[in-house]
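Results of the structural survey
One-letter residues, chain by chain:
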Amino acid sequence: MPPTAEPTQVNHRATYREVLAEPRFRLLFSTRAVAITADALRITTFSVLVFSSTGSALLSAVAFGIGFIPQLFGSLLLGSLADRLPHRALITGGYALTCATALLLAVVRMPVAASLGVVALASLATPVFHGASSRLVAQSLEGDAYVLGRSLSNIASAGAQLFGLALGGAAVAALGPRRALAVSAVLYLGCALAIRIRLPRLQPGESGGTPGSAGGDGGAVRASLQGAGLLLRGRTVRRLMLAQWLPVALVAGAEGLIVAYAGERRFAPGWYAVLMGCLPVGMLVGDLLVGRFLRPRTRERLVVPLVALAGLPLIGFAAEPGVGVSSCLLLISGLGYAYGLGLQRPFLDALPHDGQGQAFGLLGSGSMTLQGVGPVCLGTAAAAGTGTGGAIALAGGAVVLTAGWILTWHPAAWPRTATPQNPAMDLSNTPPSAP
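Let me sum up the structure you'll find in this document. Quantities reported herein were computed from a predicted structural model and do not represent experimental measurements. (Residues numbered from 1 in each chain as written. Predicted model: local features only at pLDDT ≥ 70, side-chain atom pairs only at ≥ 80, totals over all residues. Heavy atoms only, no water.)

Focus on the overall build of the protein
Summing up its helical and strand segments, the protein has 21 helices and 0 strands in all. Counting every position in the protein, which comprises 435 residues, the buried fraction comes to 50%. Across the protein, contacts joining residues at least 24 apart in sequence account for 86% of those joining residues at least 6 apart. Here the protein has roughly 18,500 Å² of accessible surface; of this, 67% comes from carbon and sulfur atoms. (Helix = DSSP H or I, 4+ residues; strand = E, 2+ residues; numbered from the N terminus. Buried < 20%, exposed > 50% of the residue type's maximum accessible area, 1.4 Å probe, protein only. Contact = heavy atoms within 4.5 Å. Areas by Shrake-Rupley, 256 points an atom, 1.4 Å probe, with all protein chains shown as cover.)

Observations regarding a nonpolar patch on the surface
A surface patch of nonpolar side chains, amounting to about 480 Å² of accessible area, comprises I69, F73, L77, V221, L225 and V373. Going through the elements one at a time, α5 (70–78) and α12 (220–233) are the ones with two or more residues in the nonpolar patch. Structurally, I69 is set in the loop between α4 (57–65) and α5. Under the relative-accessibility criterion, I69 is labelled partly exposed at 38%. (Patch = residues over 30% accessible without salt bridge, like charges linked within 9 Å, V, L, I, M, F, W, Y side chains within 5 Å. Salt bridge = Lys/Arg side-chain N within 4 Å of Asp/Glu carboxyl O.)

Structural notes on the pattern of salt bridges
Scanning all chains against the criterion turns up 5 salt bridges. R32 is the partner of D39 in a salt bridge, and the nearest nitrogen-oxygen pair spans 3.9 Å. Here R32 falls in the partly exposed class, since its relative accessible area comes to 24%. Between R299 and D144 there is a salt bridge, with the nearest N and O atoms lying 2.5 Å from each other. Here D144 lies in helix α10 (residues 144–175) and R299 lies in helix α16 (residues 296–301), a separation of 155 residues in the sequence. Across the pair, exposure class does not vary: R299 and D144 are buried alike. The network of salt bridges with shared partners includes R32, D39 and R42.

Notes on the packing of α5 against α12
Look at α5 against α12: their axes get within 5 Å of each other, and the N-to-C directions meet at 105 degrees. Overall, the two elements α5 and α12 adopt an arrangement that is roughly perpendicular. Contacts from S75, L76, L77 and L78 in α5 reach A220, V221, S224, L225 and A228 in α12. Across the contact of α5 with α12, the residue classes break down as 7 nonpolar, 2 polar and no charged. (Axes fitted to C-alpha atoms, helices over the stretch in contact; angles between N-to-C directions. Parallel < 35°, antiparallel > 145°, perpendicular 65-115°, else oblique. Nonpolar A, V, L, I, M, F, W, Y, C, P; charged D, E, K, R; others polar.)

Re the nonpolar core
One finds I91, Y95, L330 and F347 to be the most contacted residues of the largest nonpolar core, which totals 81 residues. Residue contributions to this core peak at 13 residues, all from helix α20 (residues 356–409). With sequence-adjacent residues up to four places away left out, L330 is seen in contact with I258, L275, C278, L279, L314 and F317. In this structure, F46, V50, A106 and L116 belong to the second largest nonpolar core, which totals 11 residues. (Core = buried A, V, L, I, M, F, W, Y, C linked by side-chain atoms within 4.5 Å.)

Let's talk about the state of the cysteines
Under the defined criterion, the tally for this structure stands at 0 disulfides. Summary of cysteine pairing: C191 is not part of a disulfide, and the nearest cysteine sulfur, belonging to C99, is at 9.7 Å. Under the relative-accessibility criterion, C191 is labelled buried at 2%. (Disulfide = S-S within 2.5 Å.)

Observations regarding helix α17 (residues 303–315)
Counting along an α-helix, one turn takes 3.6 residues, and residues three or four places apart therefore face a common direction. Residues of α17 that are buried include every one of V303, V304, L306, V307, A308, A310, G311, P313 and L314, and no others. Packing partners of the buried residues in α17 comprise α13 (235–255), α15 (271–293), α16, α18 (323–335), α19 (341–350) and α20.

Describing the side chain of Q244
With respect to the helices and strands, the residue Q244 is situated in helix α13. For Q244, a relative accessible area of 9% corresponds to the buried category. For Q244, the side chain forms a polar contact with the side chain of Q344, separated by 3.4 Å. (Polar contact = N/O pair within 3.5 Å; in protein donor to acceptor, adjacent residues only side chain to side chain.)

Overview of helix α11 (residues 177–198)
With 22 residues, α11 extends 32 Å from end C-alpha to end C-alpha; this agrees with the ideal 32 Å at 1.5 Å per step. Elements that come into contact with the buried residues of α11 comprise α3 (23–54), α7 (87–107) and α10. (Expected span 1.5 Å × (residues − 1).)

Focus: the packing of α5 against α20
Interhelical geometry of α5 versus α20 gives an angle of 160 degrees and a closest axis separation of 8 Å. Put simply, α5 runs roughly antiparallel to α20. The handedness of the crossing between α5 and α20 is left-handed. Contact residues: α5 offers Q71, L72, S75 and L76, while α20 offers Q358, G361, L362, S365, G366, M368 and T369. Split by residue class, the contact of α5 with α20 holds 4 nonpolar, 7 polar and no charged. (Left-handed = near helix turned anticlockwise from the far one by under 90°.)

Here's the deal with the environment of V48
Topologically, V48 is positioned in helix α3. V48 gets classed as partly exposed once you look at its relative accessible area, which sits at 37%. Residues V48 and G168, 120 residues apart in the sequence, show an inter-C-alpha distance of 9.8 Å.

Note that every value here comes from positions in space, so none of it alone points to a role or purpose.
Right, here's the structure in full:
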C-alpha cells in the first residue's frame, strides 16, 4: 500500500501562520473561541444562580456539571447526524440552540429541576455540531497543519476558559446571574450569525453515511449506534480514544479537588483560584511549545513521556506541599497535556472517511463525560480516608500507569499509511481483544 506522503512531507512542520491563512478554519476557530468563553460564563453563572436560589452546594455542583454526562448519550444516539446533514446548518443550529437555552434560563423563572433538565436536554445535541465542526476542520487542513490547528484550538480553549471565568465573575457582580446568562446568549447568537453568514453552504462527505449505515437507509439512532459500535470495536481507534480520554479525565479529577485541598491546608483566601489557573496556563504553554517548535515525528515520539509528565508532578501532592510548590507541580502537570498533539494525526488516519464527524463527536463527548466522572471518583477516594492530597497523588499515579499502558502499543514513531480503501470494513474486522 503506497504511503500518503513522501518522507520529506511526513516530517514537514507547518506554522501557525499557514493554519490561520485558511479562511474556513479561521472562521471556525474564532467562533469556537467565543463560544468557549460563553460556555464558561454560562456554566459558572448557572451554578451561581442555582446556589442563590437553593443554598445547596450539591445542587450548585450538579448545575456545574449537568451538561457533561448527557453528551455521551447524545453522541451514541445522534452522532451519525454529524456526517449526514450539511455542516453549516448543524453548526449554526448548535449555536442557536445554546443561545436559546441560555436565554431561557435568563428570562424564565422555572423550578431548579426543570432548569437542570433544559440544560441536560440541550447538551444531547452538543456532540453533533461539535463533530460536524471538527470534521470540517479536518477537511480544511492537511498533514501537520491539521495538528497545529488542533494546537491552536487547545490554546484558545485554555485562554477562553480563563477569560470566561473572569468575565462570569465580573458579570455576576455587575449585572446579577440572570443578566449575565443573557450576556452568554448574546455571544452564542453572534457565533450562530457568523457561521450562517460567512460559512459557505456545504454538504457532508461524498458518501453521506456513517460506518455501519450501509447507504444511509436506517434511522439516525440506529445508524449512530451502529457507527459507534464499529468505531469502538476497532482496536486502533479504541486505543487512541482511551489514550486521549484517560489522562485528561484523571487530571481533571485532581483539579476538582484543588478547592478542598486549599481549604484543608488553610491557604489564604483566593489562593485556590491561583492554583486552579496553573493547569490551564501550563496547557497553553505546553501546546505552544510542542506545536510550534517540534516536528511531527518528534511530537509522536514524545507522547508517552508527556503523559508521564502530566502525572508525575501530581504524585508530589502526597507530601501535602504548600502554595508555592503546589503551584509549580500543577503548572508542570499542565505542560504534559501537549501529549495529545502527537495522537492527532494517527487518530485522524485511523478513522473511516464517512464516519469522521461521529468519531470526533464521540471523542469529545467521551472526554467531557469522564471529566465529569473523574472528580466524583477522586472525591469519593478522598472521603474514604486518603485525604485530598492523597487522592490527587492517586490520580497522578494512575496517569503514569496509563503512560505505561500506552508504551506497550505506541511505537516510537507512527508509520504513515494510507487510509484503507474500505475503512469501515477495516474497523469491523479488527479483533476486539485488549484495549
